[in-house]
Amino acid sequence: MTVLDDWVTAACAEVGLDATEVPVSAVLDLARDVAHQVVRPGAPVSAYLLGLAVGRGADPADAAARLSALAADWPVALDTEPADPTS
């Protein structure tokens, strides 16, 4: 197990969730997409929004894919540099 696996297991136990139901890769991919294509502080907010949507019945994979697609289509602000795709 990794430190992340240990954290997710412990955090889930703390709040009464089943760690096997946590789509860690989808959440990390979403956070990466938003941080790189929209704005870094949007990553944790988007992860929270994903959690709210899933808590209200949305399919985790579908909701994450839709939010990632939204981030991919997000316009780059004219006064900022585009995100470095290699990081």
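Scroll up a little and you will see the structure.
In this text, all values refer to a predicted model and were calculated from it rather than measured experimentally. Within each chain, residue numbers correspond to sequence positions counted from 1 in written order. Residue-level local features of this predicted model are given only where pLDDT is at least 70; pairs of side-chain atoms are given and counted only at 80 or more, and the full residue set underlies all totals for whole chains, interfaces and linings. With hydrogens and water excluded, all non-hydrogen atoms of the structure serve as input to the side-chain values.

K.L.:
What is the right way to read helix H4 (residues 60-72) from this model?
P.N.:
Working note: α-helix, 3.6 residues per turn, so residues spaced by three or four point in the same direction. Only DSSP runs of H or I covering at least 4 residues are called helices, and only runs of E covering at least 2 are called strands; the numbering of each starts at the N terminus. Expected helix span is computed as 1.5 Å times (number of residues minus one). Here H4 contains 13 residues, and its C-alpha end-to-end distance of 18 Å stays within 8% of the 18 Å for a straight helix at 1.5 Å per residue. Within H4, the full set of buried residues consists of Ala 63, Ala 64, Ser 68 and Ala 71. Across the axial projection of H4, the buried residues extend over an arc of 130 degrees, all falling on one side. In this analysis, two residues are considered to be in contact whenever any of their non-hydrogen atoms come within 4.5 Å of each other. At its buried positions, H4 is contacted by helix H2 (24-37) and helix H3 (42-55). The opening residue of H4, the one whose side-chain oxygen lies 3.3 Å from the backbone nitrogen of Ala 61, is Asp 59. Each residue is assigned to one of three classes by its accessible area relative to the maximum for its type, calculated with a 1.4 Å probe on protein chains only: buried under 20%, partly exposed between the two thresholds, exposed over 50%. In this description, the arc belongs to the directions extending from the helix axis to the C-beta atoms. Between N or O atoms, a polar contact is any pair within 3.5 Å; within protein, one atom must be a potential hydrogen donor and the other a potential acceptor, and residues adjacent in sequence are included only when both atoms are from side chains.

K.L.:
Quick question: what am I supposed to make of the side chain of Ser 46 here?
P.N.:
Inspection of the secondary structure puts Ser 46 in helix H3. Judged by relative accessible area, which is 12%, Ser 46 ranks as buried. Separated by 2.7 Å, the side chain of Ser 46 and the backbone oxygen of Gly 42 make a polar contact. Setting aside residues up to four positions removed in sequence, Ser 46 forms contacts with Leu 30, Val 34 and Leu 67.

Any functional reading would require information that these geometric values do not contain.
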